[in-house]
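Letter by letter, the chains look like this.
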Amino acid sequence: MLDILIKGAWVVDGTGSRAYRGAIGVKDGRIVLIRRGGVDEGEARRVIDADGLVCSPGFIDLHSHSDYSIFIHNHAVSSLRAGVTTEAVGMCGYGVFPARGQLADEAPKRMAGMSQVPVGELGERDWETLDDWMQKLERRGIGINVAHFVGHGALRIAVMGQEGAGGEATVPSPEQLQAMKDELRACMEQGAFGLSSGLEYAPGRNATTGELVELCRVVALYGGAYVSHMRSEADLLISATKEFISICRDAGIPGSISHHKAIGEENWGKVRATLALMEEARSQGVDVICDFYPWEYAAQSNLGSFFYTDFEISPRDADSLRARLTNAGEWAALKSRLREQEEKERRAAEGRARVLAEHGVKVSGPEDPLASCYVVHSPSHPELVGANLREACRVLGDPEDAWEGLRRLYLDDEGYCQVAGGRMWVEDIRALVRHPLAAVSTDGWTLARIPDLRRPGISPHPRNYGTYARVLGEFVREERYVPLEEAVRKMTSLPAGLLGLRDRGLLAEGFWADLCLFDPANIANTATHSGPCAYPVGIKYVLVNGVVAVDNGEEAGALAGQVLRHKG
């Protein structure tokens, strides 16, 4: 007898093949029956009448930061309600392991900040290795499947230290490079899926191409993959893409460009050139793809983040910050420190660009963070939405003193102002929606509680909740820009292939029953930059490893997810 029978669904199997009416049977966590047409209802303990619904594989998010939130938000409600059943975590070079040295202190603070809880709620840090961490999650129980990558930056911190404590070195010593390789090898043997890099972030931004090739060769021995937040998503996007492809070619490793985009109006249209570079590389045997999210703005944060002079990752108090900004003496002292930090970062960027250029690596010099960050929500100044912060400061304050404009905006909004980095062109997004090498991802993290949007720090982006529904509702149904079957392939089997998942990402007998049932006529995103924590509509049922986790649109409280281990 089947555990679950889904009848009358439009079966979209993840291959890109045409949908058909059929039935799917589930037993002991796996798909054991797929038939065109119907079957006898008496064969199953539970029957789901899916008339009018699409049944597809559960969505696989190729770029997620849920390793920082899933221990606290272990029911993963925001992911499940979005149709996501598996997430690749440990992206952009970050990670919670190997938790030694400075990373041992940084990882819990970052986890607390993303989850918006005190560090103490995480309990004692009782993990060091990837295996320790995976066992911790398994004891806790999780709502989705997770596949861990090793962060290149985390390796550097564990071996060389953070920037300012050794990690700023461009070329590691032979002993340091060997130590990073040994750490990476241990992670791969414990089940990591590959290596991630964040080459615009400390300390990964200091690494040469050669260092990355050496590490990727270790991953290639285990059949893993390389995913990279490249050195540039703006002016040097094309050269960064060439570097990424060269790393994959030289290391003999499959790879994905993370959250692919072209930031800034002067760079719009470059995505077509980078996609052409990927096509050319694949014709030469280099297995590269990319992932993307369908939003015009990048990472979102509370404006209060600009007033912190260090990377203190813990829950912050908006009212305390407001008090600090309204006290003349405290504000004067804080502004002085902010200016000192601004100048220090400018000099460091100039020096880093010079040193890397000596090693044949192109990087951008100092950038204006206010010119590349945009107001996306302001209750008191809605006329500024869409303006970058440099423009907003000219309107609100002394043109010669941007900090006064930022202060006024934050206080006028009583801490509710939201800003986002970067701005993309919708035509570039459409090109990615349509291109067969571009997988859909979120660049978000899972949540089970609604966070405080006044809290200074990183805020949820609407992509956390609405990415897949937006593609299926807006780009598939409304714009008809890509067929439904192809969109589902880009959400399922394409990322599964990069990850090397041989029993997920397709509707096929013997595969794990990670399923999403949605109403193609009504599925839609409801999340916005002002209200990012809004569930999509139209996703009716989600099964994780054969267990119903979303039941008729509501969370079922299941913890059926698995911590996946790569089998190289």
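Conventions adopted
Residues numbered from 1 in each chain as written. Predicted model: local features only at pLDDT ≥ 70, side-chain atom pairs only at ≥ 80, totals over all residues. Heavy atoms only, no water. Helix = DSSP H or I, 4+ residues; strand = E, 2+ residues; numbered from the N terminus. Buried < 20%, exposed > 50% of the residue type's maximum accessible area, 1.4 Å probe, protein only. Contact = heavy atoms within 4.5 Å. Areas by Shrake-Rupley, 256 points an atom, 1.4 Å probe, with all protein chains shown as cover. Lys, Arg positive; Asp, Glu negative; His and termini not counted. Charge placed at Lys NZ, Arg CZ, Asp CG, Glu CD. 1 Å grid on protein atoms, 1.4 Å probe; cavity = no way out; pocket = protein on both sides within 12 Å on 5 of 7 lines; lining within 4 Å. Points joined across faces, edges and corners; volume = space filled by probe spheres on them. Nonpolar A, V, L, I, M, F, W, Y, C, P; charged D, E, K, R; others polar. Pairing = 2+ DSSP bridges. Expected span 1.5 Å × (residues − 1). Axes fitted to C-alpha atoms, helices over the stretch in contact; angles between N-to-C directions. Parallel < 35°, antiparallel > 145°, perpendicular 65-115°, else oblique. Left-handed = near helix turned anticlockwise from the far one by under 90°. Right-handed = clockwise from strand over helix to strand, strands pointing away. Salt bridge = Lys/Arg side-chain N within 4 Å of Asp/Glu carboxyl O. Phe/Tyr/Trp six-rings, centres within 6.5 Å; stacked < 30°, edge-to-face > 60°. Patch = residues over 30% accessible without salt bridge, like charges linked within 9 Å, V, L, I, M, F, W, Y side chains within 5 Å. Disulfide = S-S within 2.5 Å.

S.K.: Could you give me a rundown of the overall build of the protein chain, with the residues and numbers involved?
M.R.: For the protein chain, the count of helices and strands is 16 helices and 22 strands. Taken over the C-alpha atoms alone, the protein chain extends approximately 75 × 55 × 50 Å along its principal axes. The buried share among the 568 residues of the protein chain stands at 60%. In the protein chain, the proportion of contacts linking residues at least 24 apart, taken out of those at least 6 apart, comes to 77%. Surface accessibility of the protein chain: about 20,800 Å² in total, with carbon and sulfur atoms responsible for 48%. Charge separation in the protein chain, taken as the distance between the mean sites of 62 positive and 78 negative side-chain charges, equals 2 Å.

S.K.: Residues and numbers for the layout of surface pockets, please.
M.R.: In this approach the atoms are scanned with a rolling probe the size of a water molecule, which exposes any empty space left behind. Considering only enclosed or pocket space, the second largest pocket measures out at about 250 Å³ in volume. A breakdown of the residues in the lining of the second largest pocket according to their chemical character gives five nonpolar, three polar and five charged.

S.K.: Describe the pairing of strand β20 (residues 547–551), listing the residues and the values that go with them.
M.R.: Pairing between strand β19 (residues 539–544) and β20: three bridges, direction antiparallel. In the sheet register, V544 faces β20, and the bridge partner there is V547. Where β19 folds back onto β20 in an antiparallel hairpin, the turn is made up of two residues, including N545, whose phi is positive at roughly 50 degrees. As defined by bridge partners, β20 adjoins strand β21 (residues 554–555) across two bridges and the pair is classed as antiparallel. Bridge assignment links V550 to a residue of β21, and that residue is E555. Linking β20 back to β21 in an antiparallel pair, the connection comprises two residues, with N552 at a positive phi of about 55 degrees.

S.K.: Give me the lowdown on helix α6 (residues 209–221), citing residues and values where you can.
M.R.: Taking 1.5 Å per residue as the helical rise, α6 with its 13 residues ought to reach 18 Å, and the 19 Å between its terminal C-alpha atoms agrees with that figure. For α6, the set of buried residues is E211, L212, V213, L215, C216, V218 and V219. If you follow the buried residues of α6, they end up packed against α4 (152–160), α5 (174–189), β10 (194–198), β11 (225–229) and α7 (237–251). G223 lies just past α6 and shows a positive phi near 75 degrees.

S.K.: Lay out the packing of α5 against α6 in plain terms, naming residues and giving numbers.
M.R.: As a packed pair, α5 and α6 sit with axes 9 Å apart at the nearest point and diverge in direction by 30 degrees. As judged from the angle between their axes, α5 and α6 are roughly parallel. Taken as a pair, α5 and α6 cross one another with a handedness that is right-handed. Mapping the contact onto sequence places L177, M180, K181, L184, R185 and M188 in α5 and E211, E214, L215, V218 and V219 in α6.

S.K.: I'd like a description of the pairing of strand β13 (residues 288–292), backed by residues and values.
M.R.: Counting buried positions along β13 yields five of five residues, so the element is predominantly enclosed. Every second residue of β13 is oriented toward a common face, with V288, C290 and F292 on one face and I289 and D291 on the other, all of them buried. Two strands pair when backbone bridges link them, and strand β12 (residues 255–257) and β13 are joined in this way by three bridges, in the parallel orientation. Paired with I257 across the two strands is C290, which belongs to β13. As a crossover connection, the stretch from β12 through helix α8 (residues 270–283) into β13 is right-handed. As paired elements, β13 and strand β17 (residues 438–440) share three bridges and run parallel to each other. Of the residues in β17, the one forming a bridge with F292 is V440.

S.K.: How would you sum up the pattern of salt bridges? Please name residues and give values.
M.R.: One pass over the structure, following the stated rule, counts 39 salt bridges. Two residues, D182 and R185, come together in a salt bridge whose shortest N-O distance is 3.1 Å. One end of the pair is D182 and the other is R185, both in helix α5 and three residues apart, which spans about a single turn. Since its relative accessible area comes to 38%, D182 is described here as partly exposed. Classification of R185 as partly exposed rests on a relative accessible area of 27%. Of the charged contacts, one joins E478 and R477 as a salt bridge, the two residues approaching to 3.6 Å between their closest N and O atoms.

S.K.: Which residues make up the packing of aromatic side chains, and what values go with them?
M.R.: Applying the stated criterion to the full structure yields 12 aromatic pairs. With a centroid separation of 6.4 Å and an interplanar angle of 50 degrees, the aromatic rings of F59 and F518 are classed as tilted. Of this pair, F59 sits in strand β6 (residues 59–61) while F518 sits in strand β18 (residues 515–518), placing them 459 residues apart in sequence. Judged by relative accessible area, F59 falls into the buried class, the value being 0%. Judged by centre distance (6.2 Å) and plane angle (55 degrees), the rings of F307 and W403 are tilted. Highlighted residues: F307 in the loop between β14 (300–302) and α9 (318–326) and W403 in helix α12 (residues 402–412), separated in sequence by 96 residues.

S.K.: If you had to explain the packing of helix α11 (residues 389–396) against α12 to someone new, which residues and values would you point to?
M.R.: Between α11 and α12, whose axes approach to 8 Å, the crossing angle comes to 85 degrees. Here α11 is positioned roughly perpendicular relative to α12, judged by the angle of their axes. Between α11 and α12, the residues in contact are L389, R390, C393 and L396 and A402, G405, L406, R408 and L409, respectively. Class assignment of the residues belonging to the contact of α11 with α12 gives a composition of six nonpolar, one polar and two charged.

S.K.: I'd love a proper account of a negative patch on the surface, names of residues and values included.
M.R.: Where like charges cluster on the molecular surface, the negative patch consists of E200, D235, E265, E266 and E367. Structurally, the position occupied by E265 is in the loop between β12 and α8. By relative accessible area, E265 is classed as exposed at 56%.

S.K.: Got a sec to walk through the sheet that holds strand β9 (residues 150–151)? Specific residues and values, please.
M.R.: One open sheet holds the six strands; their spatial order is β9-β10-β11-β12-β13-β17, and the pairing between them is parallel. Lying at the two open borders of the sheet, with one neighbouring strand each, are β9 and β17.

S.K.: Describe the state of the cysteines, naming the residues involved and giving the relevant values.
M.R.: Inspection of the entire model under this criterion finds zero disulfides. Free cysteine: C55, not disulfide-bonded; nearest cysteine sulfur from C516 at 8.2 Å. Residue C393 stays outside any disulfide, its sulfur separated by 10 Å from that of C417, the closest cysteine.

Shape is all these values report; function is a separate question.
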